[in-house]
Amino acid sequence: MPEYFIGLMSGTSMDAVDAALVEFGTRNPVLCHRHSIPIPGGLRSHLIAVAQGENITLEHISELDVRLGHLFADTVLALLQQSGTTADKVRAIGSHGQTIYHRPIGRFATSMQIGDPNIIAERTGITTVADLRRRDMAAGGQGAPLVPALHEAIFRLRDRNRVIVNIGGIANITILPANPLAEVRGFDTGPGNTLMDGWIKKQQRKNHDERGRWASSGEVDEDLLGKMLKDSYFRKAPPKSTGREYFNLTWLEKLLKRHKKRMLAKHVQATLCELTARTITAAIREHAPQSDEALVCGGGVHNLALMLRLQLLLDDIRVVSTEEFNTDPDFVEAIAFAWLAKQTLEGRPGNVPSVTGAARPVVLGGIYGYKS
């Protein structure tokens, strides 16, 4: 019998909460219905400030945790209403939460996601699985990326080598060799949309560069790009993961000061777009050179300037949206967290140790409001 789960995702871009109603049966997961609620501007500004280490108090974080819990619950309830689905038909919700801090290395490695799952479970009446990163970290992993487990489940083939390129605020790749005995690998390549979104927000008060038009109007400054590419993160060997606490406007503005050259804002945007394209491409060339196809998902798939650069730089690899394979590129991550909730309730591991660096596969997350 088919089962229904809901995946909740709020990513590094912090632009909206995405909810996916997913059916699991004998086939691949099926996205039955989807719904998004934009994160209100004031709340988004507070979240960005906290993620970048600004204005942090315990009271502030606790309040944001509660406000997000209600926003996530609102998104689920709207999804249920619009899809005509009753809560008793949904076995569980998998909630990613909103990452406000991610430090995956060091003696006290940690990752913090907020959006109180107790509130989600209480208001929806649905068992909620959350805090899905820290068990992997307890096993010695980085807690990220987690979506490669789903990528393997639905995109891996035996007749071609694939790489999945997820371009959210941060970009990551999943390497899916055709050889079934070869390990799945994956890691965060660096900034996806986060720097471009931050720059256009500062310069034009827009949340993102629609279709990459502003970046297309500028010219890449190769000297500035060279300074960006010298960042030590890009030279680190996998497993590795990063976030907004590292790649943010403070990071960019330090480089612009060192650049000591007055630049038009559109040229900075063009250079940031090229940074994302070059770092993704470099990661694929180094770690997945035999790839036949690159399947792109996440918000970056709508940035035509970025997609064109990826195809030009990866000239011998077919670059295409996951939509071509009947998977909505905007909801792959939400589907993944529905899948992870299912794994957890069934007592199955949700991490991929060859991706995160964990010592072993582990069951992820905590279960809230459990109903048998």
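Analysis parameters
- Residues numbered from 1 in each chain as written.
- Predicted model: local features only at pLDDT ≥ 70, side-chain atom pairs only at ≥ 80, totals over all residues.
- Heavy atoms only, no water.
- Helix = DSSP H or I, 4+ residues; strand = E, 2+ residues; numbered from the N terminus.
- Contact = heavy atoms within 4.5 Å.
- Buried < 20%, exposed > 50% of the residue type's maximum accessible area, 1.4 Å probe, protein only.
- Phe/Tyr/Trp six-rings, centres within 6.5 Å; stacked < 30°, edge-to-face > 60°.
- Salt bridge = Lys/Arg side-chain N within 4 Å of Asp/Glu carboxyl O.
- Pairing = 2+ DSSP bridges.
- Axes fitted to C-alpha atoms, helices over the stretch in contact; angles between N-to-C directions.
- Left-handed = near helix turned anticlockwise from the far one by under 90°.
- Nonpolar A, V, L, I, M, F, W, Y, C, P; charged D, E, K, R; others polar.
- Polar contact = N/O pair within 3.5 Å; in protein donor to acceptor, adjacent residues only side chain to side chain.

### Considerations on the environment of A334
Tracing the sequence through the fold places A334 in helix α12 (residues 332-345). Every residue in contact with A334, bar those within four places of it in the chain, is listed here: G7, L8, M9, D18 and A20.

### Notes on unusual backbone geometry
Of note, the amide linkage connecting A144 to P145 takes the cis form, showing an omega dihedral of -15°. The residue P145 is located in the loop between α4 (134-138) and α5 (148-155) in this model. A cis amide bond, omega 5°, links P238 with the succeeding residue P239. The residue P239 is located in the loop between α8 (222-229) and α9 (249-259) in this model. One non-glycine residue, R211, adopts positive backbone phi at about 60°. By the element assignment, R211 lies in the loop between α6 (194-204) and α7 (213-217). R211 sits in the partly exposed class, given a relative accessible area of 40%. The backbone of K260 sits at a positive phi, close to 55°, despite the residue not being glycine. For K260, the position within the fold is in the loop between α9 and α10 (265-287). A residue is classified by how much of its surface remains accessible, and K260, at 76% relative accessible area, is exposed.

### Focus: the packing of aromatic side chains
Scanning all chains against the criterion turns up six aromatic pairs. Note on F5 and F24: the rings are 5.6 Å apart at their centroids and 85° apart in plane angle, and the pair reads as edge-to-face. Within this pair, whereas F5 is found in strand β1 (residues 3-10), its partner F24 is found in strand β2 (residues 16-24), the two being separated by 19 residues in sequence. Plain terms: the ring middles of Y233 and F247 are 5.8 Å apart, the flat faces sit at 85° to each other, and that makes the pair edge-to-face. Taken together, the positions of Y233 in the loop between α8 and α9 and F247 in the loop between α8 and α9 put the pair 14 residues apart, joining distant regions of the chain.

### Let's talk about the pattern of salt bridges
Applying the stated criterion across every chain yields a total of 22 salt bridges. Between D328 and R34 there is a salt bridge; the shortest N-O distance is 1.8 Å. A residue pair is termed long-range when its members are at least 10 positions apart, and D328 in the loop between β11 (318-321) and α12 and R34 in strand β3 (residues 30-38) qualify at 294 residues. Here D328 falls in the buried class, since its relative accessible area comes to 17%.

### Brief notes about the sheet that holds β11
If you walk across this open sheet you meet the five strands as β9-β8-β7-β10-β11, and the pairing is mixed. The open sheet has two edge strands with one neighbour each: β9 (185-191) and β11. When strand polarity is set aside, the average angle formed by the axes of neighbouring strands in this sheet is 20°.

### Description of α6
Within the sequence span of α6, burial applies to T194, L195, M196, D197, G198, W199 and I200. If you follow the buried residues of α6, they end up packed against β8 (170-176), β9, α7, α9, α10 and α11 (304-313). Note on α6: the residue one or two positions beyond its end, R205, has a positive phi of about 60°.

### Concerning the packing of helix α2 (residues 58-83) against helix α3 (residues 117-124)
In the contact formed by α2 and α3, the axes pass within 8 Å of each other and the chain directions differ by 35°. Handedness of the crossing formed by α2 with α3: right-handed. Taking contact as the criterion, the partners of V66, G69, H70, F72, A73, D74, V76 and L77 in α2 are, on α3, I119, I120, R123 and T124. Partitioned by chemical class, the residues of the contact of α2 with α3 number seven nonpolar, three polar and two charged.

### Examining the environment of D18
Positionally, D18 belongs in strand β2. Sequence-wise, D18 and H35 are 17 residues apart; in three dimensions their C-alpha atoms are separated by 6.0 Å. Every residue in contact with D18, bar those within four places of it in the chain, is listed here: G7, L8, M9, H35, S36, D330, F331 and A334. A distance of 2.5 Å separates polar atoms of two side chains, one belonging to D18 and the other to S36.

### Some thoughts on the pairing of strand β10 (residues 293-297)
Among the five residues in β10, five count as buried, and that is most of the element. Bridging between strand β7 (residues 162-167) and β10 involves five bridges; their strand directions are parallel. In the sheet register, R162 faces β10, and the bridge partner there is E293. One ladder, built from four bridges, connects β10 with β11; its direction is parallel.

Nothing here speaks to function; it is geometry throughout.
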